[in-house]
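Residue strings, one per chain:
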Amino acid sequence: MTRTRWMAAVAFGSLILAAAPSLAQQASPAPAAAPAVQAPASRGLSLKDLAMMERVSEPRVSPDGRQILYAVRTTDWDGNKGVNGLWLADVAPGQQSGEPRKLAISEGGASGARWAPDGGAIYFLSSRGGSNQVWRTDAAGMAAAQVTTLPFDVSGFRIAPDGRSLVLAVSVFVDCDTLACTKTRLDARGKSTIQSYDRLPLRDFDHWVDTRRTHLFVQPLNGSGLSGGEPRDLLAGLDADVSAGDSSFDISPDGRTLVYGTQTQGAGEPFTSNSDVFRVALDGGTPVNLTEGNKGSDGNPVFSPNGRQLAWLSAPRENVGGDQAAVWVADADGSGARKLTDWDRGAGGLQWRTDGRSLLVSAADEGQNRLFSVDARTGRITLLTGNGTVGAYEEKAGVLAYAHESFVAPTQIFVQTRGEPRQISRQNAEVLAQMDLPKGEAFTFAGWNNEPVQGWVFKPAGAVEGRRYPAVYLIHGGPKSPWTENWSYRWNPQVYTAAGYAVVMINFHGSPGYGQAFTDAINDHWGDRPLEDLEKGWAAALSNNPWIDGDRACALGASYGGYMVNMIAGKWNGPWRCLVNHAGVFDVPQLMNAMDIGNFIWEFGGPSWERKAVYDAFNPETYAGDWNKPMLVLHGSKDFRVPMEQGLATFSALQRQGVPSRFVHVPDENHWVLKPRTWVDWQQEILDWVGRYTAPAG
């Protein structure tokens, strides 16, 4: 279980950043992923096309900068699951790369790969032995050897710079002093159907918690790079939980010190976003809190390449969703800390560049998610990429590799040394070459408070001049999770363009990437300011695009988007032929008191019993008596973010009033629909519903 959460924006020629558009014009954008095989575009994106696409992620640069390791998830259609593997590409600077190749060790499943410090081996995670453990292969990736043999899963790891040890993320019971103790207790629990709790949380996203905490263990390695002794808990006895993700912990270049981010509030932890950065010696000792004075979220600590400096991200306010994180820098021991950036964007994914003079961050920015460089001395911001979304990235030996995607191209790996970036991976090239993928056309209109708000309009695939087309209005969730120009495997606009629809998407007030004030505008205003933006954005889209048939349109949303669909059903149902609500909210007070995030109530300024007027004003249940448009309701049984009772209540209210409605139960999914065949069936339900109500009259 991992409870450390960021309240910063979700989650990511040298010029000081004054205005994002001017920088975007000067940056060298990543080129669109070009198919290796050219063929006439003849069709749109089908549901199975999207479900079967190979998903590229996690670029890892070899220590000498000559090779890129990256992850590819393929789809086992019959097994209704994804399968993780590893690919390798040669990218020697100044030379054209050869064809990437899939490593043989992928056949047993492989993920989370990292290069050994000398580049002679690759470590990775695999459950081929029955539980998720660390494995090792040489650089050719032909044969795998198991490194760790812990009695339960390893969720993440790092390799010490000297290659003599690993730091493992492992979930244990805090009062157990051995791994065997945790294993014994888990085995005993397996014989009972009862689990007792003395404090929150009870559930986390899609599972009931077992009260373990993720600690960091030092695992010695022998001369062959395999386990060379018993792992030792660096957080022994501490009521702390550390995420296994890339941004959660780091090891100093000399291999002596570990830094990590976590919360330590005990029973009060679920009710605060306050997290801190700690340092502890790898040979043992008491962890030291380096950021105790800040009450917001501190995390993502990283050592500079020479080990003399430590940087981290810090959001200043407690319990403020979307609070933008700034970059802080200090001496390696945490002394002399200073705020490096004063930037109206929320930085994420902090890393040092290999020259030690600057850092890398990503950030939502005007509907994009871009990569930036931050001068470690002055805090100057330099934009590195243009339109699209940059995911994971890494730099070694002056070679920068990053994952990039857009509305018209799924994720591919790009490498940049000097000059233009070049594409390394070519996954999905053949199928993409067959497709007509309309580009989103950005537009801006005056929204709430007459402030500029951004949106996109997509034409249907194969659109014919002079014809009018039905439309879907996609409403994002979060609510502080903006639409960005990316390739989604959940709500991809190209699914709807392929089905013959115009698509309209709006980044209403509350969406990160447009400044802190724009994001903060939704606080205490879930149900009015964003709704005003959506109303005005729809009017602007219709006014500027007369080919959209506004009389044949449906509004679709999930999570907060589903909440907004329910609000629209009661307060703005005039334009819509139908509505679609996945994992949406019916009763906000019940949600806030039952969901798995204890401090989310601060989106409404406090608990429901203290803020009843605000909750009632922005509660869909208040307006349910005015619902009259057909609604499709979809919900997963394992959804503990927005528990399924919210969807059941929505459907019940519709049925009681005789409103045409349909409930789709997804028993084996959580807040998201992840299994490929299940996703296709789920999305087909949506397309069938929208098609029924947007069909031409007669």
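As shown above, the structure is provided for reference.
Residues numbered from 1 in each chain as written. Predicted model: local features only at pLDDT ≥ 70, side-chain atom pairs only at ≥ 80, totals over all residues. Heavy atoms only, no water.

A.B. asks: Quick question: what am I supposed to make of the sheet that holds strand S21 (residues 326-331) here?
C.D. replies: Neighbouring strands of a sheet are bound in pairs by backbone hydrogen bonds; such pairs are parallel or else antiparallel. Reading across from one edge, S19-S20-S21-S22 is the order of the four strands in this open sheet, with antiparallel pairing throughout. Of all strands in the sheet, those with a lone pairing partner are strand S19 (298-303) and strand S22 (338-339), marking the two edges. Summarising the sheet, S21 and S22 pair through two bridges and their orientation is antiparallel. Along S22, the bridge assignment pairs Val329 with Arg338. (Pairing = 2+ DSSP bridges. Helix = DSSP H or I, 4+ residues; strand = E, 2+ residues; numbered from the N terminus.)

A.B. asks: I'm lost on the packing of aromatic side chains in this one. Help?
C.D. replies: Remark: the centre distance and the inter-plane angle together describe each pair of aromatic rings, the angle taken between the planes. Using the criterion set out here, one finds 26 aromatic pairs in the structure. Measuring from centroid to centroid gives 5.0 Å for Trp689 and Tyr693, while their planes differ by 55°, and the two rings are tilted. You can see Trp689 and its partner Tyr693 sitting in helix H12 (residues 676-694), four residues apart, about one turn around the helix. The exposure classification of Trp689 matches that of Tyr693, with both residues buried. Chaining the aromatic ring pairs together yields one cluster made of Phe508, Trp526, Tyr560, Tyr563, Phe600, Phe604 and Tyr615. The ring of Trp77 is capped by Lys48, whose NZ or CZ atom sits 4.6 Å from the centre of that ring. Its end group placed over the ring of Phe173, Arg185 keeps NZ or CZ at 4.8 Å from the ring centre. (Phe/Tyr/Trp six-rings, centres within 6.5 Å; stacked < 30°, edge-to-face > 60°. Buried < 20%, exposed > 50% of the residue type's maximum accessible area, 1.4 Å probe, protein only. Lys NZ or Arg CZ within 6 Å of the ring centre and 35° of its normal.)

A.B. asks: Just to check I follow, could you spell out the state of the cysteines for this structure?
C.D. replies: Among covalent bonds in proteins, the disulfide is the one between the sulfur atoms of two cysteines. As enumerated under the stated definition, the model contains two disulfides in all. Residue pairing for Cys176: its cysteine sulfur links by disulfide to Cys181, the two sulfurs lying 2.0 Å apart. Its torsion about the S-S bond being -55°, the disulfide of Cys176 and Cys181 is classed as left-handed. By relative accessible area, Cys176 is classed as buried at 10%. In this structure Cys181 comes out as partly exposed when scored by relative accessible area, which is 25%. Each sulfur of the disulfide joining Cys554 and Cys578 lies 2.0 Å from the other. Sign of the S-S torsion, about 115° for the bond between Cys554 and Cys578, identifies this disulfide as right-handed. With Cys554 in strand S35 (residues 548-558) and Cys578 in strand S36 (residues 578-582), the pair connects residues that are 24 residues apart, well separated along the chain. Numbered by position along the chain, the disulfide-linked cysteines of the protein chain connect as 1-2, 3-4. (Disulfide = S-S within 2.5 Å.)

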